[in-house]
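# Coordinate inspection notes
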Amino acid sequence: MAEKDVLMEVKNLVTRFYTEDGVVKALEGVNFNLYKGETLALVGETGCGKSVTALSILRLLAISGKTLEGEALFYDDEMKEKLGITTDGPVDLFKLTKKQMLKVRGFTMSLITQDPMTSLNPVYTVGEQIVEVIKLHKGLSDKESKKQALKLIEEVELTPPEDIFIKYPHQLSGGQRQRIVISISLAAEPALVFADEPTTALDVTIQATVLGLLQQLKEEFNSSLILITHNLGIVAETSDRIGVMYAGSVVELVDKYTLFKRPLHPYSQGLIASVPKISEKKETLNFIPGNVPNLIHPPSGCRFHPRCTYATDICKKKAPELQSVENDDHLVACWNVKQVIKDLDKQGGASG
Amino acid sequence: MREYVVKKLAIAIIVLIGVYTVTFFLTFMLPGDPARVSLGQHGSEEAVELIREQWGLDKPRYVQYYSYLTHFLKGDMGKSFRYYPRDVIELIKYRFPVTAYYGIWAIFFAIIFSIPLGVIAAYKQNTIFDNATVLFSQIGVSLPNFWLGMMLIAIVAVKLGWVNPVPDVEYGYYWTPVGFFTSLKAYILPIITIATGMMASNTRLTRSSMLEVIREDYITLARAKGLPERTVVLKHALRNALIPVVTNVGMQFLLLVGGAILTETVFGINGLGRLYLDAINYRDYPVVIALTLIYTGGVVVINLIVDLLYARIDPRVSLS
């Protein structure tokens, strides 16, 4: 990355879900920053809070969910102009009114959901669903909006656009639908796109093309991308930096090369090690002992400590903060990271 | 689409003939001789025989079956036994406007209140408003029509004296442009009697259907587009949520017939429901058969309309 302008800083995001079984402590202080134009991948096991992070920032949680604390500071002049904010400095999304959020959603930030089979409204044509966003945020006439929508359909490589425009979602394949969802998410040229498992529901054969398309369009539209996935293969392929999440917080944040070569958080090490390598002959697969914690009664202190081989007393008492280790761009939240590094150096720097 | 309609109507003819056959033989299995019933206890045996001959009841069953069918297909529904020699069609034509009048209002109210109630209840799930809606619709669904009618008469008409227990509007006036609205007060009790159950079931269905739709991914995506809540609910959610409600409303047109029998008995209204009931009691076979066939035809037509509406609302449904 040539320029390193920050687009968004997420600080100490705390989100809870109030369910009949109890309070689910879904996010417990999520911190990360996002640069302009980069692809940041959020990875982790199911239930670690990847999607909740996106929905919290979009402020689209289900009624039972509530973001109690935190800031999402946004550095985007276009958004400030749209909202009519003239003061200097970033805008905290959580301080905006509901009405202002309507202008932000779709225009500054958009969402690509996981399952293209369910993410388009079955009773409207895909054309109508694209036009809707263009009209809403660009205030164009019907004719102009349609023209733009046709252009977008062409951009996502569906042809002929006129035919696709009048199709209903059920008349398209999964891959085609996900392309439509992508075109909707980019329709107002947002600064940030959240892609929540954008290819998980697709056939393996078309996953790569859809991802490639997303990556290419993101660059063309000058957007940043937050890619939420549990698939480390996708991460290695498409992202610039990776945020590893565990049980409601980001435990390691670093560029992808470093993460795969020299992960420093014990959880990241386990995660990377658990990916089977075809070149290695092995009887058993590597895995992290223990289970994903119950977030209604999460472990005290560092939530990873019951499964961690490095755990000491302090880990049980206090949650560690995300701090730079070795260099400014490598952030790890672990009390015993020095010990981890020592062990790594003993092994000659190879990953565990 | 035209092909579909034609096909459905062709099937309807087979259905009608089947229903005719069953009704025809069922009515004749009822105990009691229509000729005897019409003359009463003191009619002489000869007079009864004469009438049997006149009405064709002395002929073999299959001859009667065939002769009625051919007449019916020509549009002749025969003459009423009870009101001989008046034509059945004439009786039905006379009674129909009464039932149609309060029936249409009942369905109108059942739709106009239930859908907004269901939508708001779903949207405000687990609030007091929602709980109250669920409670009242549960009660509404459970209340028997005739009991509700009698309670309304006892309380609203007799005790409070707000309206006449029996609708006191001149025949036909309610179908004049002014009368259509001014007769509402006189007919309000029968309308409430019939509409309550329908309204309750529509409300419940709208609510549960809405709750399901609101959790769909495309609703989250619609919100992520930056659409205001009103557009999300009214444009994206409601149209999907209404799909099962349309079927329900269609069914309610049919329930109207059963409801009409009870309601008209309770309120002393001379409509189709009463005609049907009396015809059975008086062994007025031509009227019973004609009304049954008309009812069956109504079922077919309403189902057809529901199908067509379905295809309009939901593009995934194809008519073939």
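Residue numbering note: each chain is counted from 1, following its sequence as written. Following the order in which they are written, the chains are lettered starting with A and the ligands numbered starting with 1. Given that the model is predicted, a residue must reach a pLDDT of at least 70 before its local features are reported, and side-chain atom pairs must reach 80 or more before they are shown or counted; all residues, however, enter totals for whole chains, interfaces and linings.

## Section: the overall build of chain A
The line we're drawing: Each helix corresponds to a stretch of at least 4 residues labelled H or I by DSSP, and each strand to a stretch of at least 2 residues labelled E; elements are numbered beginning at the N terminus. Atoms considered for the radius of gyration are the C-alpha atoms alone. The globule rule reads 2.2 Å times the number of residues to the power 0.38. Each residue is classified by how many other C-beta atoms fall within 10 Å of its C-beta atom, where C-beta atoms are placed from the backbone; a count of 20 or more means buried, 12 or fewer means exposed, and values in between mean partly exposed. By the convention adopted here, residues make contact when the C-beta atoms placed from their backbones lie within 7 Å.
Each helix and strand counted, chain A has 13 helices and 12 strands in total. For a compact globule of 352 residues, the expected C-alpha radius of gyration is about 20 Å, and chain A comes in at 21 Å, within 12% of that figure. Seen along its three principal axes, the alpha-carbon backbone of chain A occupies a region of about 65 × 50 × 50 Å. The buried share of chain A, taken over its 352 residues, is 44%. When contacts within chain A are restricted to residue pairs at least 6 apart in sequence, long-range pairs at least 24 apart make up 65% of them.

## Points about the sheet that holds strand β5 (residues 91-92) of chain A
Residues and elements named next belong to chain A. Note the following rule: Strands are treated as partners if at least two bridges between them are detected by DSSP.
The strand order β2-β1-β4-β5 describes an open sheet built from 4 strands, whose pairing is antiparallel. One side of each edge strand has no neighbouring strand; the edge strands of this open sheet are β2 (22-35) and β5. Sheet topology places strand β1 (residues 6-19) next to β2; 10 bridges connect them, and they run antiparallel. By the bridge assignment for β2, F17 is matched with V24.

## As for the interface of chain A and chain B
Here is the rule: In this count, Pro and Cys sit with the nonpolar residues alongside Ala, Val, Leu, Ile, Met, Phe, Trp and Tyr, while Asp, Glu, Lys and Arg are called charged and the others, Gly among them, polar.
Each partner contributes residues to the interface: chain A has 24 residues there, and chain B has 19 residues. Every element with two or more residues in the side of chain A that touches chain B is listed here: α3 (98-104), β6 (109-112) and α4 (126-138) of chain A. For the side of chain A that touches chain B, the element with the highest residue contribution is α4 of chain A, accounting for 4 residues. In terms of residue class, the side of chain A that touches chain B is made up of 12 nonpolar, 8 polar and 4 charged.

## A look at the nonpolar core
Here is the rule: Note on terminology: a nonpolar core is a set of buried residues of type Ala, Val, Leu, Ile, Met, Phe, Trp, Tyr or Cys, with members joined through C-beta atoms within 7 Å.
By size, the foremost hydrophobic cluster in this structure holds 113 residues, and its most contacted members are I130, F194, I226 and V244 of chain A. Not counting residues within four places of it along the chain, the set of residues in contact with I226 of chain A comprises L34, L40, L42, A54, L192 and F194 of chain A.

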